[in-house]
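Coordinate analysis (summary)
The residues making up each chain are set out below.
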Amino acid sequence: QVQLVESGGGLVQPGGSLRLSCAASGSIASIGVMGWYRQSPGSQRELVAQISSRGSTNYADSVKGRFTVSRDNAKNTVYLQMNSLKPDDTAVYYCKANIMRTSTLWSNDYWGQGTQVTVSS
């Protein structure tokens, strides 16, 4: 069994910062790309940021210069540092990871359960 456990969400004022974490656990052989998605009510889920196993990153245009994605491979954890937060950043944030389980010859995508981020004064 593989699980992704998210933490770090909450309520923050515009201009503030939050740091999200997502830790993978279970029977894991290796982890490929890890990323963050978000979804607000009435909207489609969108990619926010992702990072490869070697550290290459991609960001949505709406968060470039404000958000930073990183990972700690020893801890099987991906982070999202969110600065200069805006009300439009309000959403449920989900992490995703491509994981190869032990004793398998292929990898699958796994999703976290989501964490609420609310930016409001």
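Now for a quick tour of the structure. Fair warning: this is a prediction, and the values are worked out from it, not measured in the lab.

Let us look at the nonpolar core. Of all hydrophobic cores here, the largest spans 30 residues; its most connected members are Trp36, Leu80, Met82, Tyr93 and Ile99. Contributing elements (two or more residues each) for this core: β1 (2-7), β3 (18-26), β4 (28-39), β5 (46-51), β7 (67-72), β8 (77-82), β9 (91-101) and β11 (115-119). For this core, the element with the most residues is β9, which contributes five residues.

In this section: the packing of aromatic side chains. As enumerated under the stated definition, the model contains one aromatic pair in all. Stacked on the ring of Tyr94, the Lys or Arg Arg45 has its end atom at 3.8 Å from the ring centre. The aromatic ring of Trp111 is capped on one face by Arg45, whose charged end is 4.8 Å from the ring centroid.

As a further point, take the environment of Ile28. As for its placement among the helices and strands, Ile28 is situated in strand β4. Owing to a relative accessible area of 17%, Ile28 belongs among the buried residues under this scheme. Sequence separation of Ile28 and Asn76 is 48 residues, and the distance between their C-alpha atoms is 9.1 Å. Those residues in contact with Ile28, other than ones at most four positions away along the chain, are Val2, Asn76, Ile99, Met100, Arg101 and Thr102.

Right, let's talk about the pairing of β4 for a bit. Two strands pair when backbone bridges link them, and β4 and β9 are joined in this way by nine bridges, in the antiparallel orientation. Along β9, the bridge assignment pairs Tyr37 with Tyr94. In this sheet, β5 lies alongside β4 in antiparallel orientation, the contact comprising five bridges. Across the sheet, the residue bridging to Trp36 is Ala49, located in β5. Taking the residues between adjacent antiparallel strands as the criterion, β4 and β5 are bridged by six residues, where Gly42 takes a positive phi near 80°.

A word on the side chain of Ser21. Within the element layout of this structure, Ser21 appears in strand β3. Contact partners of Ser21, with chain neighbours within four places excluded, come to Val5, Glu6, Ser7, Trp36, Val78 and Tyr79.

Basis of the calculations
- Residues numbered from 1 in each chain as written.
- Predicted model: local features only at pLDDT ≥ 70, side-chain atom pairs only at ≥ 80, totals over all residues.
- Heavy atoms only, no water.
- Core = buried A, V, L, I, M, F, W, Y, C linked by side-chain atoms within 4.5 Å.
- Buried < 20%, exposed > 50% of the residue type's maximum accessible area, 1.4 Å probe, protein only.
- Helix = DSSP H or I, 4+ residues; strand = E, 2+ residues; numbered from the N terminus.
- Phe/Tyr/Trp six-rings, centres within 6.5 Å; stacked < 30°, edge-to-face > 60°.
- Lys NZ or Arg CZ within 6 Å of the ring centre and 35° of its normal.
- Contact = heavy atoms within 4.5 Å.
- Pairing = 2+ DSSP bridges.

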